[in-house]
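Listed here are the chains, written in short residue letters.
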Amino acid sequence: MTTQTPDLSHLWMPFTANRSFKAAPRLLASAKGMYYKSTDGRQILDGCAGLWCVNAGHCRDEIVQAIATQAATLDYAPSFQMGHPLAFETATAVAALMPKGMQRIFFTNSGSESVDTALKIALAYHRANGQPQRTRLIGRERGYHGVGFGGISVGGISPNRKAFSNSLIPNVDHLPHTHNLEKNAFSKGQPAWGAHLADELERIVTLHDASTIAAVIVEPMAGSTGVLIPPKGYLERLREITSKHGILLIFDEVITGFGRLGANTASDYFGVTPDVITMAKGISNAAVPAGAVAVTNSLYDTVVNASENGIELFHGYTYSGHPLAMAAIGATLALYQSEGIFENARKRSPAFEAAAHALNGLPNVIDVRNLGMVAGVELAPRENAPGARAAEVFQRCYDAGVLLRYTGDTIALSPPLIVNEEQINTLFDVLGQAISQTA
Ligand code: PMP
């Protein structure tokens, strides 16, 4: 294990200002189960499943073995006019976890790729369906859909959009987000207020005419922008309005898929079935980069039957269905099932909810929200320094041996789904102490 700071002069770090690491880099050396080990030899409890992705815990032997065996058997097969049996088997395994009638799977390598793929599928579908003028896309304020141009265009994070404002894809509208501290602070599970915000879709439809609109994309529960839980009835209304107008509904389940809410998908959890689901992260337990898009059987049939040679959608990646990703996905899904990992998330979520809401009353805690195995603790921003308080709390937790994530002034928790009650208590105890110290 290295304890030295590496040469910082070449790696352009993702999402991160390198300079913020010069004094004290936070570097991880190894991981097992619920824990990381840092390069300075400390054990760190993983309160965020890496980045909402290591749902079965770290370095699981079954997954490691499956990847190693696959690497030695078939390392790669061309994705162009070729395939390999494991990709078909893996699609079958993924399809088994999708809602009824959504049994067609396209493989990608990340959430961002899944989103771009889903948006292209939506446009291809309408073209194939004789409505090529349906190209308008609708996202939501405070939506996060990755970092591709498609994703930042339908995404609703202003700084990401402003930085590329002249280059975003055209004809995109945004629904309002549903976060409202006055109405919904400290609600447990789904807030009661806000379903009517879905009706804004009708306003957009009136403005542009339904015949121009291809799809609406939302995260059923927004994670990266601060754990925003959908109000009761909100997703149902979105489904109703999109169906009425022939608009496709895309659920971005990159975070919510594979047990995060204690169900196979958020679609399952909420009982609302979209037309397209994007996935990544937990699909492979993050052991190999992987993602997927599930579509309804009828959508698939429309697209592939539209042209004689079946390439109405000419789309794919060199690594679509990569053998190592397929091996990792297969082993991951088998582990989720054999260990009842989604059930564990369900079983632990009442304790998780109680521990989260026990922070209510600590200084500067202005909201706690939770669903399944996800919680957000929102802190009052410091004057003229938004995000600074959460950054300080995050650092204090890390120093105390707990890895969380912060976004704006919200601390997000989404531990591996194998978490036990003692670990849940440690996560929130350490967070509570850090919040008190930061006051
Ligand atoms: N969509 C959602 C809902 C996400 O949460 C994320 C990642 N946090 C992405 C897309 C992008 O995924 P990736 O970083 O794998 O490209």
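About the criteria used
- Residues numbered from 1 in each chain as written.
- Predicted model: local features only at pLDDT ≥ 70, side-chain atom pairs only at ≥ 80, totals over all residues.
- Heavy atoms only, no water.
- Domains from an automatic or database assignment.
- Contact = heavy atoms within 4.5 Å.
- Buried area = accessible area lost by both parts, 1.4 Å probe.
- Salt bridge = Lys/Arg side-chain N within 4 Å of Asp/Glu carboxyl O.
- Polar contact = N/O pair within 3.5 Å; in protein donor to acceptor, adjacent residues only side chain to side chain.
- Helix = DSSP H or I, 4+ residues; strand = E, 2+ residues; numbered from the N terminus.
- Nonpolar A, V, L, I, M, F, W, Y, C, P; charged D, E, K, R; others polar.
- Axes fitted to C-alpha atoms, helices over the stretch in contact; angles between N-to-C directions.
- Parallel < 35°, antiparallel > 145°, perpendicular 65-115°, else oblique.
- Left-handed = near helix turned anticlockwise from the far one by under 90°.
- Near = heavy atom within 4 Å.
- Areas by Shrake-Rupley, 256 points an atom, 1.4 Å probe, with all protein chains shown as cover.
- Expected span 1.5 Å × (residues − 1).
- Buried < 20%, exposed > 50% of the residue type's maximum accessible area, 1.4 Å probe, protein only.
- Pairing = 2+ DSSP bridges.

(A) Geometry of the domain arrangement of the chain. For the chain, the domain assignment lists domain 1 (18-60 + 340-437) and domain 2 (64-337). Taking the mean C-alpha position of each, domain 1 and domain 2 sit 26 Å from one another. Opposite the 39 residues of domain 1 that make contact, domain 2 presents 36 residues. Of the roughly 3000 Å² buried between domain 1 and domain 2 on both sides combined, carbon and sulfur atoms contribute 60%. Area buried by domain 1 at its contact with domain 2 is led by Trp52, Phe342 and Leu371, which between them contribute 26% of it. Counting the contacts that link domain 1 with domain 2 gives zero salt bridges. Run the count over domain 1 and domain 2 and you get 20 residue pairs in polar contact (both at pLDDT 80 or more). Elements that contribute at least two residues to the side of domain 1 that touches domain 2 include exactly helix H1 (49-52), helix H13 (341-357), strand S11 (365-371), strand S12 (374-379), strand S14 (405-407) and strand S15 (410-413). Looking at the side of domain 1 that touches domain 2, the element that brings in the most residues is S11, giving seven residues. Residues that form the side of domain 1 that touches domain 2 fall into these classes: 21 nonpolar, eleven polar and seven charged.

(B) Quick look at the packing of helix H14 (residues 388-399) against helix H15 (residues 421-438). Between H14 and H15, whose axes approach to 9 Å, the crossing angle comes to 130°. Comparing the axis directions of H14 and H15 gives the class oblique. As for how H14 packs across H15, the hand of that crossing is right-handed. Contacts between H14 and H15 involve Arg389, Glu392, Val393, Arg396 and Cys397 from the former and Val430, Leu431, Ala434, Ile435, Gln437 and Thr438 from the latter.

(C) Focus on the site of the ligand. Neighbouring the ligand are Ser110, Gly111, Ser112, Tyr144, His145, Gly146, Glu219, Ser224, Asp252, Val254, Ile255 and Lys281. Here an oxygen atom of the ligand and a side-chain polar atom of Ser112 are 2.6 Å apart. At 2.7 Å, a side-chain N or O of Asp252 approaches a nitrogen atom of the ligand. In the complex, the protein chains occlude 85% of the 390 Å² of accessible area that the ligand would expose alone.

(D) Representation of helix H2 (residues 61-73) within the structure. Between its terminal C-alpha atoms H2 stretches 18 Å, which fits the 18 Å expected from 13 residues at 1.5 Å a residue. Check the buried side of H2 and you find it contacts helix H3 (85-95) and helix H12 (323-338).

(E) The arrangement of unusual backbone geometry in detail. The phi torsion at Trp52 lies on the positive side, around 60°, for a residue other than glycine. In this fold, Trp52 is placed in helix H1. Residue Val227 is not a glycine yet carries a positive backbone phi of 55°. For Val227, the location among the structural elements is in the loop between strand S7 (213-218) and helix H9 (234-244). Relative accessible area serves as the criterion here: at 0%, Val227 is assigned to the buried category.

(F) Summary view of the side chain of Asn370. The residue Asn370 is located in strand S11 in this model. Using a relative accessible area of 2% as the deciding quantity, one classes Asn370 as buried. Ignoring sequence-local partners within four residues, the contact set of Asn370 consists of Ser187, Lys188, Gly189, Ile229, Glu353, His357 and Ala375.

(G) Up close: the sheet that holds S12. The four strands are arranged S11-S12-S15-S14 in an open sheet whose pairing can be described as antiparallel. Only two strands of the sheet have a single neighbouring strand rather than two, namely S11 and S14. Shown here is a sheet whose adjacent strand axes are inclined to one another by a mean of 20°, direction ignored. As judged from the three bridges shared by S14 and S15, these two strands associate in the antiparallel manner.

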